[in-house]
Structures are given as structure tokens and as C-alpha cells.
Amino acid sequence: MLKIIDKYILKRYLGTFIVMLLMFIPIGIVIDVSEKVNRMIENKAPFKEIASYYLDFTIYFANLLFPIFLFLSVIWFTSKLANNTEIIAILSSGISFTRFLRPYIIGATIVSVFALIMSVFLVPSASAGYKNFRYTYLIGNGQNEVRDNTDVFRQTSKDEYIFVTSFNEITKTAFNFSMEKFDNDKLKYKLVANRIKWDEKTKKYTLFNYTKRKVGAFGDIIESGEKKDTVFNFDLEDLTPVVYIAETLPLNELHKFIDKEKSRGSSNINVYLVVLYKKYSIPVSAFILTIIAVSVSSMKRRGGMGTNLAIGIVLAFAFVFLDKVFGVLAEKSTAPPLLAVWTPNIVFGILAIYLLRNAKR
């Protein structure tokens, strides 16, 4: 049963966190609109697509920065409790610091469960919509950012390779498609097409402006045409670039996809594993950051809330910095992805234990 003190702190915990989200997400939307409105008008983006994009943007943005929002919101309202001497009154009444932490842990559990549900069910589709809009309707930096990561070169079987320069998740279309098949390290045939499109109803691919060259011992055979429906032994996900694949797959499909890529010996396997492990590490960070925030802000300082907020901002950005650095390290090097993803939580977990011991004193 929750006591009055538990309900009071838990209400402040969740309320401040929600207010923090409602404050910063609109600011992020306004900044994004101001930067991209000209490009949206230039590319004649429909209002429906823009509205859908900013709904996806909200989910994507909230999931990306929720540890910072949570950390700052806990520091904010806990510092306010300390400045009003409410914490002193609570601890003076005989309540231990560990007991004082109970509603914070309950709040962190609620936020963690919500974050886990979002990352499993909402974030994949929101990430796909967010990135597809940027690729379809935005030019300049937005398009270049996606274009730099959309080239796909993949081995789909022991002797088959495919390549595309870009992929549109909405229309299920890949551009500048080529496929090479080998037999004992000798090229058997090469197929190229301006674009290839997946038809969900017929479960077939359609080639547009294609050319197929069969290599023969006494001469090559060339087949070409404007359009052709055909079947391939690779999946639609094989045409999807790294920027899309892992972030847009639900959890169960992501596990299957990673197992398939491992069997193929994919060079991008670490990228996919980082996305998978972050689905679990980010919710856990809610507990660690909550304990750090309470330990830092529960004491009344001469500088008031400003000092606590300054400390909180430094620690929050240190956490994000470590998370990004070790994430890139796991993707671009031979560092174990599991260790790299969990290193920020391990480092800040040790810091949380140290700060909690000092706060109890």
C-alpha cells in the first residue's frame, strides 16, 4: 500500500517528467519546422504526410532523449523539495533515506515499463515513418544524411550478391538495382534494373528497365525489357539499408533478422546488435539516473536549485556522450556490442552507488 508520502512524491515524479516532455518536445518540433519548412514547400509535401511525420518525430524524439528528460525532472522537483526543507522534515520524522527512495523507484519502474513498451511496439514504426519522410520530401542535409547510409551491398546466398543505391520503405521500391550470380567464383549472369518494386499482393518483384547478361563460353546472351515480374530468393529486408533495418523492426522480427544475418556472416551485425541491446539498456538507465538525481539534489545547497541543475545537466550530457561514443565504438570496431551498450549504465551505476552512500550519511 502506498502511503501519503509515497503518493505525494510519486505524483511529483511523474507530473514533472510529463511536463518536461510537454515543454521540450514542442520546442523540438518548432526548431525542426523552422529548419525544414522551405524544403517541405519546395517538395510539395502533403499536409497529411507532414502531420504523420511530426507524430513519428514526437515518439522518436521522446524515446531518444527520455533519459535526459527524466534525469532533469527528478533533479528539478527534488531540489525544490530540499529548498523547501521538506526532505529534512521527512527524514527527521524517522523515515530512512532508503524508505524515502521507495516512491522514486516505483516511479522509475513505471517509466521503464512505458519506455520498454514504446521501444518494442511504437518506436520501430515511428522510426520508419520519420526516416522515410526525411528521405522522400527533404533535400540538402536531410537527404544527404540518409543517402550516405542507404547504399546496400549484400550477399544473399553463397553465390549471389545484390546492390541498390537507395530504398523507399513507403513504396517498397529500390533504385539502381543489380544482382550478380557466381558459379565457382566465375560470373554466371548479371541483372541490372533502374528500379525494383515489391508487390505485397502477388509476392513478386517488378523490374523496370532491366538488362540481364548471361555469360557464356562462346558469347554472352543479353535479355532486356521495360518491365518484368519475377521471383527472387532474397527477402525485402535485404534491400533495406542499415539506416532502416534494425530501427524499424519489431522485437521478435529483429531477433529473427539478426539470426539470419549471423548465418550470412553480415559485416553490419554489430549495428543490429547495438539497436537490440539498447531496447533493454535504456529502460534500466531510468533507475540509475533516478538514484543519481535524488542523491545529488536531496541536499540543500547554497547555490539553490541552480547548482543542482548545473550538476544534473553536466551528468546528463556525460551519460549521453558515453552512450554515443560506446555505441559508435561497437558499430565501427571489434568491441563486443553487449559490453559497449551497457558500459554507460555500468559506469553510472557505480557512480549511483557512491553518491547514494554519501547521501545516506
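The notes below deal with the structure included here. Bear in mind the structure is a predicted one, so any value in this text is a computation, not a measurement.

1. Some remarks on empty space enclosed by the protein
- Under the counting rule described, the total for this entry stands at one cavity of 30 Å³ or more.
- When its volume is computed, the largest cavity comes out at roughly 30 Å³.
- For the largest cavity, the full set of lining residues is Ile-5, Asp-6, Ile-9, Ile-90, Ile-95, Arg-99, Phe-100 and Pro-103.
- Here the lining of the largest cavity gets three residues from one element, more than from any other, and that element is helix H1 (residues 4-42).
- Tallied by class, the residues present in the lining of the largest cavity amount to six nonpolar, no polar and two charged.

2. Thoughts on the nonpolar core
- With 55 residues, the main nonpolar core has Tyr-104 and Ile-292 as its most contacted residues.
- Put simply, the parts of the chain that give this core at least two residues each are H1, helix H2 (47-83), helix H3 (86-92), helix H4 (97-100), helix H5 (102-137), helix H9 (269-297), helix H10 (305-332) and helix H11 (337-360).
- At 17 residues, the largest contribution of residues to this core is made by H2.
- If we skip the residues at most four places from it in the chain, Tyr-104 touches Ile-9, Tyr-13, Val-74, Phe-77, Thr-78, Leu-81, Thr-290 and Val-294.
- Tyr-205, Tyr-210, Phe-232 and Phe-234 belong to the second-largest nonpolar core, a separate cluster that totals 19 residues.

3. Observations concerning the packing of H2 against H9
- Relative to each other, H2 and H9 sit at 25°, their axes nearing to 9 Å. If you check the angle between H2 and H9, you find them roughly parallel. For the crossing formed where H2 meets H9, the hand is right-handed. Counted together, Phe-66, Pro-67, Leu-70, Phe-71, Val-74, Ile-75, Thr-78, Ser-79 and Ala-82 of H2 and Ile-282, Ser-285, Ala-286, Leu-289, Thr-290, Ile-292, Ala-293, Val-294 and Ser-297 of H9 form the full contact between these two elements.

4. A closer look at the packing of aromatic side chains
- Taken as a whole and judged by the stated rule, the model has 25 aromatic pairs.
- Relative to Tyr-104, the ring of Phe-100 lies with its centre 5.5 Å away and its plane at 65°, an arrangement referred to as edge-to-face.
- The exposure class of Tyr-104 is buried, given its relative accessible area of 0%.
- Measuring from ring centre to ring centre gives 5.3 Å for Phe-319 and Phe-348, while their planes differ by 85°; the resulting arrangement is edge-to-face. Of the two residues, Phe-319 sits in helix H10 while Phe-348 sits in helix H11, which places them 29 residues apart along the sequence. Each member of the pair, Phe-319 as well as Phe-348, carries the same accessibility label: buried.
- Through a chain of ring-to-ring contacts, three or more aromatic side chains come together here, namely Phe-24, Tyr-53, Tyr-54, Phe-57, Tyr-60, Phe-61, Phe-69, Tyr-130 and Phe-133.
- When the ring centre of Phe-208 is taken as origin, the NZ or CZ atom of Arg-195, which lies over that ring, is 3.8 Å away.
- A cation over a ring is seen here: Lys-212 above Tyr-189, with NZ or CZ 4.5 Å from the ring centre.

What counts, and where the lines are drawn
Residues numbered from 1 in each chain as written. Predicted model: local features only at pLDDT ≥ 70, side-chain atom pairs only at ≥ 80, totals over all residues. Heavy atoms only, no water. 1 Å grid on protein atoms, 1.4 Å probe; cavity = no way out; pocket = protein on both sides within 12 Å on 5 of 7 lines; lining within 4 Å. Points joined across faces, edges and corners; volume = space filled by probe spheres on them. Helix = DSSP H or I, 4+ residues; strand = E, 2+ residues; numbered from the N terminus. Nonpolar A, V, L, I, M, F, W, Y, C, P; charged D, E, K, R; others polar. Core = buried A, V, L, I, M, F, W, Y, C linked by side-chain atoms within 4.5 Å. Buried < 20%, exposed > 50% of the residue type's maximum accessible area, 1.4 Å probe, protein only. Contact = heavy atoms within 4.5 Å. Axes fitted to C-alpha atoms, helices over the stretch in contact; angles between N-to-C directions. Parallel < 35°, antiparallel > 145°, perpendicular 65-115°, else oblique. Left-handed = near helix turned anticlockwise from the far one by under 90°. Phe/Tyr/Trp six-rings, centres within 6.5 Å; stacked < 30°, edge-to-face > 60°. Lys NZ or Arg CZ within 6 Å of the ring centre and 35° of its normal.

All we've got here are geometric facts, nothing functional implied.
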